[in-house]
Amino acid sequence: MDGDLAEILGIHIGDGCISVTSRYSEYYLGGDLTEEKEYHNDWVAPLFNKKIMLPLFNKTVNYKEHPKVGIYGFHIFDKRLVAFFENLGIKSGSKLNVEIPKKILKNKNLTKRFLRGLFDTDGTIYFDKNRSAKNQTNNRPTINLGTTSIKLAEQVYNLLFSLGLNPRLKKPYKGKKDKNSVHAVLIYRKKDIINYIKNIGFKNPKHYTKWEVFMKLGYCPPYTTLEQRKEFLSSILDKNEIIKE
């Protein structure tokens, strides 16, 4: 177990899936086609190849686009891969009772990498309006993680607290399409969010570009796409180059 593998386990618990039947053993990992393709190509795939695919199979993952459902991911049907994750404490099937492997809980460096992988995939950062201000802008950041596993939510809460943060466990709730209750962990104090980004951070552009826009503007407009945020940040850099010249 090292940092890279701990982060992969966080990514898996967020967006991975293991299915085992009498006929096959399947592993799946993927994300949103438009917002997370770059994250998977530039970060997840190299990490997965380095720690798992090349040592086990001497080949790399083969992602596929699924435009009809808006998914970008890969399927691998191989008992060895499923056994690899099971040996690390990751079970197949439902994630209702998923929890963090004990090896990760005992090591602060592994904890940070695991949390980054988990929040990159199952987490989000959003910006609420300051309702008490005259000019209301989306300048109040919150980092949120939602999971159907109460055990995982409690573990994440305790890990964040042990790292000096002041998270909050939200009361379980059900969305319109949710069959199971969602347990949310929030990081809502600005100094805690700065601490999180400094010491754990995001590798998913879907998240960190929102923070970069916020740092440039003092707020982050809602409902922007990754491409829109990248274009804005690029235009700021271009203007700075012109000023330097």
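Before any of the text, the structure's been laid out above.
Now for a description of the structure that goes with this document. None of these values were measured; they are calculated from a predicted model.

Below, the discussion takes up the nonpolar core. With 58 residues, the main nonpolar core has Phe48, Phe85 and Val156 as its most contacted residues. It is helix H2 (residues 37-57) that provides the largest number of residues to this core, a total of eight residues. Excluding residues that lie within four positions of it along the chain, Phe85 makes contacts with Ile8, Leu9, His12, Ile18, Tyr27, Phe48, Ile52 and Ile90.

Okay, the pattern of salt bridges next. This structure, assessed with the given rule, holds 10 salt bridges. Several salt bridges share partner residues, and in doing so they unite Asp4, Glu7, Lys50, Arg113 and Arg116 into one network.

Let's shift gears to the sheet that holds strand E2 (residues 25-32). Spatial strand order, E1-E2-E4-E3: four strands in an open sheet with antiparallel pairing. Either end of the sheet is taken by a strand with one partner, and the two such strands are strand E1 (16-20) and strand E3 (64-66). Taken pair by pair, the neighbouring strands of this sheet meet at an average axis angle of 30°, ignoring direction. Note that E1 and E2 share five bridges and pair antiparallel. Following the sheet pairing, Ile18 is matched in E2 by Tyr27.

The topology assignment puts Asn144 in strand E6 (residues 138-147). Given the relative accessible area of 14%, Asn144 is considered buried. If sequence neighbours within four positions are ignored, Asn144 has contacts with Phe119, Asp122, Gly123, Thr124, Tyr126, Ala184, Val185 and Leu186.

Here we come to the pairing of E6. When you tally the buried positions in E6, you get seven out of 10 residues, the bulk of the element. Where strand E5 (residues 123-129) meets E6, seven bridges bridge the pair, whose relative direction is antiparallel. From the neighbouring strand, Asp128 faces E6, where its bridge partner is Arg140. Inspection of the sheet shows E6 paired to strand E8 (residues 183-187) by five bridges, in the antiparallel sense. Residue pairing across strands places Gly146 opposite Ala184, the latter belonging to E8.

Reading guide: rules and limits
- In every chain, residue numbers begin from 1 and rise along the written sequence.
- Side-chain atom pairs in this predicted model are given and counted only at pLDDT of 80 or more, local residue features only at pLDDT of at least 70, and totals for whole chains, interfaces and linings cover all residues.
- By convention in this description, side-chain values take in all heavy atoms of the structure and omit both hydrogens and water.
- We call a set of buried Ala, Val, Leu, Ile, Met, Phe, Trp, Tyr and Cys residues a nonpolar core when their side-chain atoms join them within 4.5 Å.
- Between buried and exposed lies partly exposed: a residue is buried under 20% and exposed over 50% of the maximum accessible area for its type, with that area taken using a 1.4 Å probe on protein chains only.
- Only DSSP runs of H or I with at least four residues qualify as helices, and only runs of E with at least two residues qualify as strands; both kinds are numbered from the N terminus onward.
- Residues are treated as being in contact if the distance between any of their heavy atoms lies within 4.5 Å.
- One speaks of a salt bridge when a side-chain nitrogen belonging to Lys or Arg is within 4 Å of a carboxyl oxygen belonging to Asp or Glu.
- Pairing between two strands is assigned when DSSP locates at least 2 bridges connecting them.
- Helix axes are fitted only over the stretch in contact, all axes being lines through C-alpha atoms; the angle between N-to-C directions runs from 0 to 180 degrees.

These figures come from the coordinates and say nothing about function on their own.
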